[in-house]
Amino acid sequence: ADYLDNGNNKMAIQQADKLLKKHKDLHCAKVLKAIGLQRTGKQDEAYALAQEVAALEPTDDNSLQALTILYREMHRPELVTKLYEAAVKKVPNSEEYHSHLFMAYARVGEYKKMQQAGMALYKIVPKNPYYFWSVMSLIMQSISAQDENLSKTMFLPLAERMVEKMVKEDKIEAEAEVELYYMILERLEKYKEALDVVRGKLGEKLTSELQSRENKCMAMYKKLCRWPECNALSRRLLLKNSDDWQFYITYFDSVFQLIDESWTPPPEEEHSLEGEVHYSIEQAVKFIEERITEESKSSRPLRGPYLAKLELIRRLRYRGCNDEYKLGDPEELMFQYFKKFGDKPCCFTDLKVFVDLLPSSQYTKFISQLLEVIPLSATAENEIALPADIKALQQHLCVVQLSRLLGIYHAMDKKQKLTVVRELMLRYRHGLEFGKSCLKTELQFSDYYCLLAVHLLLDLWLEGEETAVWQCLTFLEEGLSHSPSNAQFKLLLIRIYCRLGAFEPVAELYSSLDAKHIQHDTIGYLLTRYAESLGHYAAASQSCNFALRFFHSNQKDTSEYIIQAYKYGAFEKIPEFIAFRNRLNSSLHFAQVRTERMLLDLLLEANISSSLEESIKSMSLSPEEDDIPWKDLRDNRDLTVLFNWDPKDRDISEEHRKLSLEEETMWLRIRSLTLRLVSGLPPLSHTIQPKNSEKTAENGVSSKIDTIRSLLQQLEAAVDSGKKFLEQKIQYPVLGPPPTRMAGFFSNGSCQCQTSLFYLVSDIYELDTNGLEDSAEIQERIGNSFKSLVERLTDLFNKCKGDLIEVRDGTLKTHPNLLENLVFFVETISIALWVSSYCDSVLRPFKSNLQKKKKKKKESSVAMPPVFTHFLDYVTELQTLTSNVIDHIKGLEIILTALKLEELSFKDTLLLQEEKKFTKTVQEKVQSSYHHSVQEIGELLKKRLDTIKKLKI
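Predicted model only: the values in this text are computed from it and were never measured. Positions within a chain are numbered from 1, following the residues in the order the chain's sequence is written. Reporting in this predicted model follows two pLDDT cut-offs: at least 70 for local features of residues, and 80 or more for side-chain atom pairs to be given and counted; totals over whole chains, interfaces and linings ignore these cut-offs and use all residues. Side-chain measures were taken over the full set of non-hydrogen atoms in the model, leaving aside hydrogen atoms and water.

Chemist: Hey, could you run me through the pairing of strand β3 (residues 805-808) in this one?
Modeler: Side-chain direction in a regular strand flips from residue to residue, so the side chains alternate between the two faces of the sheet. Sheet topology places β3 next to strand β4 (residues 811-814); 4 bridges connect them, and they run antiparallel. Note that in β4 the partner of R808 across the bridge is T811. In this scheme, strands are said to pair when DSSP sees at least two bridges between them. The helix count covers DSSP runs of H or I at least four residues long, the strand count covers runs of E at least two residues long, and both are numbered beginning at the N terminus. A loop of 2 residues connects β3 with β4, the two strands running antiparallel in sequence, and D809 in this loop sits at a positive phi of about 45 degrees.

Chemist: Honestly, the confidence of the model for the protein in this entry has me stumped. Any pointers?
Modeler: Each residue carries a pLDDT score, the predictor's confidence in it, ranging from 0 to 100. Per-residue confidence for the protein gives a mean pLDDT of 90, with 95% of residues at or over 70. Contacts are assigned to residue pairs with any non-hydrogen atoms lying within 4.5 Å of each other. Of the regions scoring below 50 in pLDDT, residues 689-698 engages in 10 contacts with residues more than four places distant in sequence or in other chains.

Chemist: Help me out: how do you make sense of the layout of surface pockets in this one?
Modeler: Definitions used throughout: a 1 Å grid over protein atoms alone; a cavity as a set of points that fits a 1.4 Å probe which cannot get out; a pocket as an open set with protein on both sides within 12 Å along at least five of seven lines; a lining residue as one with an atom within 4 Å of a point. Grid points are joined across faces, edges and corners, and a volume is the space filled by probe spheres set on the points. Its boundaries defined by the atoms lining it, the largest pocket holds a volume of some 1,100 Å³. Taken together, 36 residues line the largest pocket, and the ones lying closest to its centre are R499, R529, Q731, P739 and T740. When contributions to the lining of the largest pocket are tallied by element, the ones reaching two or more residues are α23 (447-462), α25 (487-500), α33 (654-679), α35 (701-726), α36 (742-747), β4 and α39 (816-857). Throughout this entry, Asp, Glu, Lys and Arg are counted as charged residues, while Ala, Val, Leu, Ile, Met, Phe, Trp, Tyr, Cys and Pro are counted as nonpolar. The remaining residues, Gly among them, count as polar. Of the residues assigned to the lining of the largest pocket, the class counts are 17 nonpolar, 10 polar and 9 charged.

Chemist: Help me out: how do you make sense of the packing of helix α4 (residues 43-55) against helix α5 (residues 61-73) in this one?
Modeler: Packed helix pairs are specified by the crossing angle of their axes together with the interaxial distance, meaning the distance between the axes. Axis lines are fitted to C-alpha atoms, over the contacting stretch for helices. Their N-to-C directions set the angle, which ranges from 0 to 180 degrees. Axis separation between α4 and α5 bottoms out at 11 Å; the angle between their running directions is 145 degrees. Handedness of the α4/α5 crossing: left-handed. Across the interface between the two elements, A46, A50, Q51, V53 and A54 of α4 pack against L67, L70 and Y71 of α5. Of the residues that constitute the contact of α4 with α5, the class distribution is 7 nonpolar, 1 polar and no charged. Should the near helix be turned anticlockwise from the far one by less than a right angle, the crossing is termed left-handed; should it be turned clockwise, right-handed.

Chemist: How should the environment of C753 be read in this particular structure?
Modeler: Turning to its location among the elements, C753 is positioned in helix α37 (residues 750-770). Three exposure classes are used, based on accessible area relative to the maximum for each residue type with a 1.4 Å probe and protein chains only: buried under 20%, partly exposed in between, and exposed over 50%. Its relative accessible area of 0% is what places C753 among the buried residues. Spatially, the C-alpha atom of C753 lies 7.1 Å from that of T828, the residues being 75 residues apart in sequence. Excluding its chain neighbours within four sequence positions, the residues that come into contact with C753 are L789, R792, L793 and T828.

Chemist: How should I be thinking about empty space enclosed by the protein in this particular structure?
Modeler: Rolled over the atoms, a probe with the dimensions of a water molecule shows which regions are left empty. Applying the stated criterion to the full structure yields 9 cavities of 30 Å³ or more. Within this model, the largest cavity holds a volume of roughly 320 Å³. In this structure, the largest cavity is lined by 21 residues; those nearest its centre are T528, R529, Q592, E596 and W667. Sorting the residues of the lining of the largest cavity by element identifies α28 (525-528), α29 (537-567), α31 (588-605) and α33 as the ones contributing at least two each. In terms of residues, the lining of the largest cavity owes the most to one element, α31, which gives 5 residues. The residue inventory of the lining of the largest cavity, partitioned by class, reads 8 nonpolar, 6 polar and 7 charged.

Right, dumping it as structure tokens:
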């Protein structure tokens, strides 16, 4: 066992063998040996050995534990349940084995069996937690039931009765048990009863979370629309803590609900269960003013009361009645707020919510009013006034962010924007002085200046200023050198490098972000969208692996979380874990990565049909199966991960999100159908029935071609809807969701090529079943397909021609679309080869039959059917075309190597000396990345060329 713990698996196997020589029935040694085998990659031997022991139904703790570990490593949790089922039968009174059995069921989600196991445990050892494990398992059955009616009429009422029994017998001990009772009543929509539980004696047990009782009461009052209670309770809680924002929201909601219902307090008795109620605007205004007066006496400044006043103004404006309540002018209130909290980074995000209270004519005045109160000092007359300490720097930064948000920078012309960029960078570099003592992992105080400057430059780039984008990269690389753990710099660099078609620097940046766990799903798209499409196949493979590893381990990890939740009685977390797991399983990104990963593997590994067949087998792919949950796809991407200070009309809108999801789903459908069509090729070439044979329908081949034909129709439909979608010409914001590869796929002709290749498969199959004699028409059709395919592929190649990086008037311009076209070319040529290899497998037997006939008849001329020459010409032309592309790529490599970037002079940008070194780095990174892409594409095409040469019949 020690050897296994230290990872020395070979020694562990040897030691186990020694022991087994002496005691050949030592179960535990066998299992430990099996673990060693499993870890050295001998899964089959390990499994056989484990089953040998399991068949004996061991009951000693060591063997059971060791087998559990082994099955877990094999990802076979269902075998653990069988193990403990047997153990419990032999040792019926063991508390330990029963609880292991319960946890084993929890791992595989067998809720009904969990319920029974829980009760069995409670019968042996009447401890409360066991009883409530059983109750929770009933709730889980109700959650997982497809039929909602069933869960409300059977599972939940049963759970409720089980808890009531314990309440009546006064056996409720722990807080978790009360939580569970509340959870059941809430799911049964018995809000009144739930409220009574929380407010009654049982509610006193709810102590672990702050305000747990109050929050639960509030939730029930809202469900029951008991606004007087909502109001009184939130008023009471705000008196206790006037900085708790959620209760201000409830307070306002309830006041206006009561006003709309013209509620008045009942005479002679309490206003409500929770005490005094406010039911008029006057009372609300007075209450907020009192909170502000109270705040001025408090030891530390509180933001809540001031923001609540702005919130009230906003709600009153919305109702069309503001001025009569004399709450003050929002502009003045925001100015006062800035004076009080302007040096806190949260000041900007607080005010951002309320800027629409300002009339746009006041924007410039408001900003200059804020600037006047910041202590900045200039050393000479024409110099820029700079802050003397961090406090003033934060205040100034807040104003700059507000200027961007109010659209003041957007309205400037090019020259003004460049002046602002210079000023921001100067302020950025000056601010670095305050952060000299910062650790590597801390951000510099002035980082936002640099980011804002880059945002302005991005505006200029989108307006057609080509040099601006290089300046963006220069500033960001400079920023990163001072603040190496600033994620915003890295994310923005990733987006811009990808837009320019350079993937190489991105891989390193992304790995330095150190994305953890769920982030593989939320920001993984930044990586997987570009890696393959820019020709970095190895990196693409790796980035898919990162993501897939996370998604696959999610299954296993979630079961562990659920088990911990049972152990510690955190019942309300269990449904959350289940929902989390489902959300990840139906993640759009997961489906995309799975599909692209398989296509990529086929591209890289499958050269001819035999290896194509092996690859498809090893991925257990089949054209009939579709494992993507189309109806439930969840878009978990975080599209706001990049900070931005744009006004609403330029920001990412809900509409953009919706369109992006629609586009991603369409593209995924096209890719998934392509993958399934490719996986349908090998089975076709196996079972050939002669013409007129009655058996065709039974032995399933004709159904295989039918599958391919129906997938083709689906592909046509998906392509049509994709084209319709692109007609809308949607422009996402530059930092919004990246568009898919769909537009390029259609416009460069890959789509037409790939579809016609799959149609060709159908024709060849027909030739195969009809034979050569009376199939002149089919042969001609195939011949024409071959011709038009070569033309289309040549067109596609023509769209790959041109310089990848060109130098124009001293600036660099990259052409990532040429790179994307090349990548599509490689993919299309690969599909063409897999299809040709199927043609080859059909035509070869025909040819050898003809030659046999020729020998029998001893005639010198048996006419060769035309399809052979068509095919030969086609293969020859494919070979020529591929050689031309390889030569073209060699040419590109030579040009890229010879490109002398030092000679580039950035005119009119007044680069400082230190900036020049970053500019040089940036350009070298882009150049090297393109070089790398071209090399990888070239390597892959050479493999394809070797394959073509083997295709001569």
